[in-house]
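Per-entry structural report
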Amino acid sequence: MSNNKSALQAVTPQIIKKKEIRKLTSSQRKVRKFKRDPRSFLVDSKAYIKARKAAYLARAKVGSFSFVILVSLLVVIYFSLIASPRYVSQSQFVIKQASGKGIQLGGLMALGGSSSSTQDALILQGYILSQGMALALDEKIGLKAHYQQDDWDRLSRLEADSTQEAYVEYYQKHVSVNYDAMSEILLVEVQSFDADYSLLVAQTLLSISKKFINSLADDMTQQHLSYAKQDVQRAYNELKKQQINLIDFQNKNSLYNPELQSMALFTAVNKIESSLIEKSTQLKSLQAYLGNDASEIKALGYQIAALKTQLKEEKLRLTNGNMQSLNKISFDFKELELNVVFAGDLYKSALTSLELTRTEAFKNLKYLLVVVKPRLAEEQKYPRRLYSIFTWFTVLLLIYLVGRLVLAIVKEHRE
């Protein structure tokens, strides 16, 4: 009994205490709990629990997006404080021929054809962006060393130990060439890390381009002229050869002009024959009333015999079997003479062709006409800082959204 009584006495104060707590209002209980244990009061409060849940949800959502924010912050820092400025020098030029004429195509033919100026401009465009131009600029003004200077930021400059191919690729990213088909104008834009140096690069590039265009036309012109000169020399050598053959033939046969000499011989033969006929006629008429012993008949007989002998000799000169006949000599001479005339005509034709080639060569000369000369840049053009920052942020945001979408799809398929 004594034990039950003591236990009852121990429980009675707790029961009384609980009854007193129940009689307290909600506000009084919170004040009483805050006084006894402020930390427990804060942890158990609904506001803390809601804030904790909200923070957890926010961290779950913003946790992956913090990467986007961090990278965007680095991009802003780089383009605002670190990125080295690049200055631009521009030039515009057009390629024309000395003749001022190009291939004009109309209608549907124009769709598949191009003028000479267009072809030359496209060739020059390819050359400006080629390895040859990059190496030529490096040789003349040390372009590669400029791009490799430690003064520029590491992301913008060319690596110090870069290869030739890396340098050419870097060069092609910092030089742009645009061709306007309507005006046939080439616009060249050169970037460097110094305004004065950009102007120097643009001027040097323009000078090299002029030499390149001139060399294209000059090489073709020299080839044509060289062939024309060789043709003239061949024709001259042939003419000289034929003339020497003709002179040797004349000296060998002791004749200046066998044709004239042959004509003279024929004339003499004709005269002899005429005289012979005349004397024979006289002889017959005298024989009609004189005897053969008459002096007149004997004299005409002697004359007729002499004319026959002379005629025989002259005819032998034309058709002698032992010696070259005058007809054969005349024929050979005529052939040699025709060869000389023909060689002379070829020589004249070659000279005319040479003059025409020179004229056409002048018409085909190409000129690089500068429309806008390179000028010194007063302010930087690249990098476009705000544009680059916005572009990077947009790209990162798109990557983040696509990544979230992919993860959500994967998670949905797993469930």
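Residues numbered from 1 in each chain as written. Predicted model: local features only at pLDDT ≥ 70, side-chain atom pairs only at ≥ 80, totals over all residues. Heavy atoms only, no water.

With that out of the way, let us pick up the overall build of the protein chain. The helix and strand tally for the protein chain stands at 15 helices and 4 strands. Summarising the internal contacts of the protein chain: among those between residues at least 6 apart in sequence, 77% fall at separations of at least 24. Carbon and sulfur atoms make up 59% of the accessible area of the protein chain, which amounts to about 28600 Å² in all. (Helix = DSSP H or I, 4+ residues; strand = E, 2+ residues; numbered from the N terminus. Contact = heavy atoms within 4.5 Å. Areas by Shrake-Rupley, 256 points an atom, 1.4 Å probe, with all protein chains shown as cover.)

Attention shifts here to the pattern of salt bridges. Here the structure, examined in full by the defined rule, presents 3 salt bridges. One salt bridge connects Lys-381 with Glu-189, and the closest N-O pair in it is separated by 2.9 Å. Taken together, the residues Lys-381 in the loop between strand E4 (366-372) and helix H15 (385-414) and Glu-189 in strand E3 (residues 185-192) connect sequence positions 192 residues apart. One salt bridge connects Arg-234 with Asp-231, and the closest N-O pair in it is separated by 3.4 Å. (Salt bridge = Lys/Arg side-chain N within 4 Å of Asp/Glu carboxyl O.)

That bond from Tyr-382 to Pro-383 is cis: its omega, -5°, falls within 30 degrees of zero. Position of Pro-383 among the secondary structure elements: in the loop between E4 and H15.

The next point concerns the nonpolar core. The biggest cluster of nonpolar side chains holds 35 residues, and the ones touching the most others in it are Leu-124, Ile-128, Leu-137, Tyr-171 and Leu-205. Those elements that place two or more of their residues in this core are strand E1 (87-97), helix H7 (116-128), helix H8 (131-141), helix H9 (143-147), helix H10 (164-174), strand E2 (175-180), E3 and helix H11 (195-253). When residues of this core are assigned to their parent elements, the largest contribution, 8 residues, is made by H11. Excluding residues within four positions of it along the chain, Tyr-171 makes contact with Ile-128, Leu-129, Ser-130, Met-133, Ala-134, Leu-137, Leu-143 and Leu-205. The next biggest cluster of nonpolar side chains, apart from the first, holds 9 residues, and it includes Val-71, Val-75, Ala-83 and Leu-396. (Core = buried A, V, L, I, M, F, W, Y, C linked by side-chain atoms within 4.5 Å. Buried < 20%, exposed > 50% of the residue type's maximum accessible area, 1.4 Å probe, protein only.)

Right, let's talk about H10 for a bit. All of the buried residues along H10 are Tyr-167, Val-168, Tyr-170, Tyr-171 and His-174. Looking down the long axis of H10, one finds its buried residues gathered within 165° of arc, a one-sided arrangement. Looking at H10, the residues exposed on the side facing more than 90 degrees away from the buried face are Glu-165 and Lys-173. (Arc of directions from axis to C-beta.)

Once that is clear, we can look at the pairing of E1. By the bridge criterion, 8 bridges tie E1 to E3 in an arrangement that is antiparallel. Considered in E3, the bridge of Val-88 is made with Gln-191. Where E1 lies against E4, 6 bridges are found, and the strand directions are antiparallel. What sits directly across from Gln-97, in E4, is Lys-366. (Pairing = 2+ DSSP bridges.)

Relative to each other, helix H5 (residues 65-82) and H15 sit at 165°, their axes nearing to 10 Å. It follows that H5 is roughly antiparallel to H15 by the angle criterion. Crossing of H5 against H15: the hand is right-handed. Counted together, Phe-65, Val-68, Val-71, Ser-72, Val-75, Val-76, Phe-79 and Ser-80 of H5 and Arg-385, Ser-388, Ile-389, Trp-392, Phe-393, Leu-396, Leu-397 and Tyr-400 of H15 form the full contact between these two elements. (Axes fitted to C-alpha atoms, helices over the stretch in contact; angles between N-to-C directions. Parallel < 35°, antiparallel > 145°, perpendicular 65-115°, else oblique. Left-handed = near helix turned anticlockwise from the far one by under 90°.)

We now examine a nonpolar patch on the surface. Nonpolar side chains collect at one region of the surface, where Leu-70, Leu-73, Leu-74, Ile-77, Leu-81 and Ile-82 lie side by side and expose about 600 Å² of accessible area between them. With respect to the element layout, Ile-77 can be found in helix H5. Judged by its relative accessible area of 34%, Ile-77 is partly exposed. (Patch = residues over 30% accessible without salt bridge, like charges linked within 9 Å, V, L, I, M, F, W, Y side chains within 5 Å.)

Moving on to the side chain of Asp-153. Secondary-structure assignment places Asp-153 in the loop between H9 and H10. No salt bridge is formed by the buried Asp-153; the nearest opposite charge belongs to Arg-86, separated by 6.7 Å. A polar side-chain atom of Asp-153 sits 3.1 Å from the main-chain amide nitrogen of Leu-155. In contact with Asp-153, other than residues within four places in its own chain, are Tyr-78, Ile-82, Ala-83 and Ser-84. (Lys, Arg positive; Asp, Glu negative; His and termini not counted. Polar contact = N/O pair within 3.5 Å; in protein donor to acceptor, adjacent residues only side chain to side chain.)

What follows concerns H15. The terminal C-alpha atoms of H15, which comprises 30 residues, lie 43 Å apart, in line with the 44 Å expected from a rise of 1.5 Å per residue. Taken as a whole, H15 has its buried residues at Ser-388, Ile-389, Leu-396 and Tyr-400. (Expected span 1.5 Å × (residues − 1).)

Turning our eyes to something else, we now look at the environment of His-174. Mapped onto the fold, His-174 is located in helix H10. The exposure class assigned to His-174 is buried, which follows from its relative accessible area of 8%. C-alpha separation for the pair His-174 and Ser-192, spaced 18 residues apart in sequence, amounts to 7.5 Å. Setting aside residues up to four positions removed in sequence, His-174 forms contacts with Arg-86, Tyr-147, Glu-189, Val-190 and Gln-191.

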